[in-house]
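# Architecture at a glance
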Amino acid sequence: GEGGMLLTNNKNFYEGAIQIRNLDFTRERFKHNNLYWNYRLSGIQAALGISQIKGLEKTINQKISQGERYIKLLENNTDIFQLPLLKHNGSVNHFWVFGILLQKNGIRDKVVNELLNNGIETRPFFWPLHMQPVLKKYKIISEDSLEVSEKLGSNGFYIPIGDHLSIGDQKFVAKKLIETVKS
């Protein structure tokens, strides 16, 4: 299942989140002022989420360590790809994912396929909202070009990160990534 958790000490945020997660229900049920959805977790999902809180700090620290390791392994190759930031404006990157943005246009799919041939699974960045076919179909978006979003959507992908990877695995991923992009 999917879902998540929101923590706040702000009563207005809390009440708004309750309304958002439950189809915009208010005291007048089935009268909706907003296009909200059903974001409630099932009991089993909530229990699993609560059980995972105990290991959250360990998971975050492990991901940060892996992210820092990837940056060290890849930092001498910023001519071929852009790496994520460790910190920005006081926020620390927890590296839930590790994104790579290729500097050269039009090679991502070839790089991703070559990495897969070497046993390395990746995932492309999300496709830009303004280019989503369903939004174009219903004319919900403008036809404006958004260069940064389009570059991210076309040239970005995530490489493996998580507790299933050893330091040796990360070194292998970094080596194959560099070799593949340079070739």
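Notes on the structure follow. (Residues numbered from 1 in each chain as written. Predicted model: local features only at pLDDT ≥ 70, side-chain atom pairs only at ≥ 80, totals over all residues. Heavy atoms only, no water.)

### Quick look at unusual backbone geometry
- Even without glycine at this site, N89 takes up a positive phi of about 50 degrees.
- Considering the arrangement of structural elements, one finds N89 in the loop between β2 (87-88) and β3 (91-92).
- Exposure remark for N89: the relative accessible area of 72% places this residue in the exposed category.
- Notably, F95 is not glycine yet its phi reads approximately 50 degrees, a positive angle.
- With respect to the secondary-structure elements, F95 resides in the loop between β3 and β4 (98-102).
- The buried category is assigned to F95, whose relative accessible area is 1%. (Helix = DSSP H or I, 4+ residues; strand = E, 2+ residues; numbered from the N terminus. Buried < 20%, exposed > 50% of the residue type's maximum accessible area, 1.4 Å probe, protein only.)

### A word on helix α1 (residues 11-21)
- Two to three positions downstream of the cap, the backbone nitrogen of N12 sits 2.9 Å from a side-chain oxygen, assigning the N-cap of α1 to N10.
- Phi turns positive one or two residues past the end of α1, at L23, with a value near 60 degrees. (Polar contact = N/O pair within 3.5 Å; in protein donor to acceptor, adjacent residues only side chain to side chain.)

### A few points about the packing of aromatic side chains
- One pass over the full model with this rule turns up three aromatic pairs.
- Taken together, a centroid distance of 4.9 Å and an interplanar angle of 50 degrees make the contact between Y70 and F98 tilted. One end of the pair, Y70, is in helix α3 (residues 56-74); the other, F98, is in strand β4, with 28 residues separating them in the sequence. A single burial state applies to Y70 and to F98, both of which are buried.
- Ring centres of F95 and F98 lie 5.6 Å apart, and the angle between their planes is 20 degrees; on these two criteria the pair is classed as stacked.
- Among the aromatic residues, those joined into a ring-pair cluster are Y70, F95 and F98.
- In this arrangement the basic side chain of K63 is found over the ring face of W96, its NZ or CZ atom lying 4.6 Å from the centre. (Phe/Tyr/Trp six-rings, centres within 6.5 Å; stacked < 30°, edge-to-face > 60°. Lys NZ or Arg CZ within 6 Å of the ring centre and 35° of its normal.)

### Topic: the sheet that holds strand β6 (residues 156-159)
- Across the sheet, which stays open at both edges, the four strands sit in the order β1-β4-β6-β5 with antiparallel pairing between neighbours. Each edge of the sheet is formed by a strand with only one pairing partner; in this case those strands are β1 (81-82) and β5 (123-124).
- The sheet contact formed by β4 and β6 spans four bridges and is antiparallel. Residue pairing for β6: F98 is matched across the bridge by I159.
- Against the sheet, α3 touches β1, β4 and β6, its axis set at about 25 degrees to β4.
- Along the sheet face, helix α4 (residues 108-117) touches β4, β5 and β6 and points at about 20 degrees away from the line of β6. (Pairing = 2+ DSSP bridges. Contact = heavy atoms within 4.5 Å. Axes fitted to C-alpha atoms, helices over the stretch in contact; angles between N-to-C directions.)

As far as function goes, none of this settles anything; it's purely spatial.
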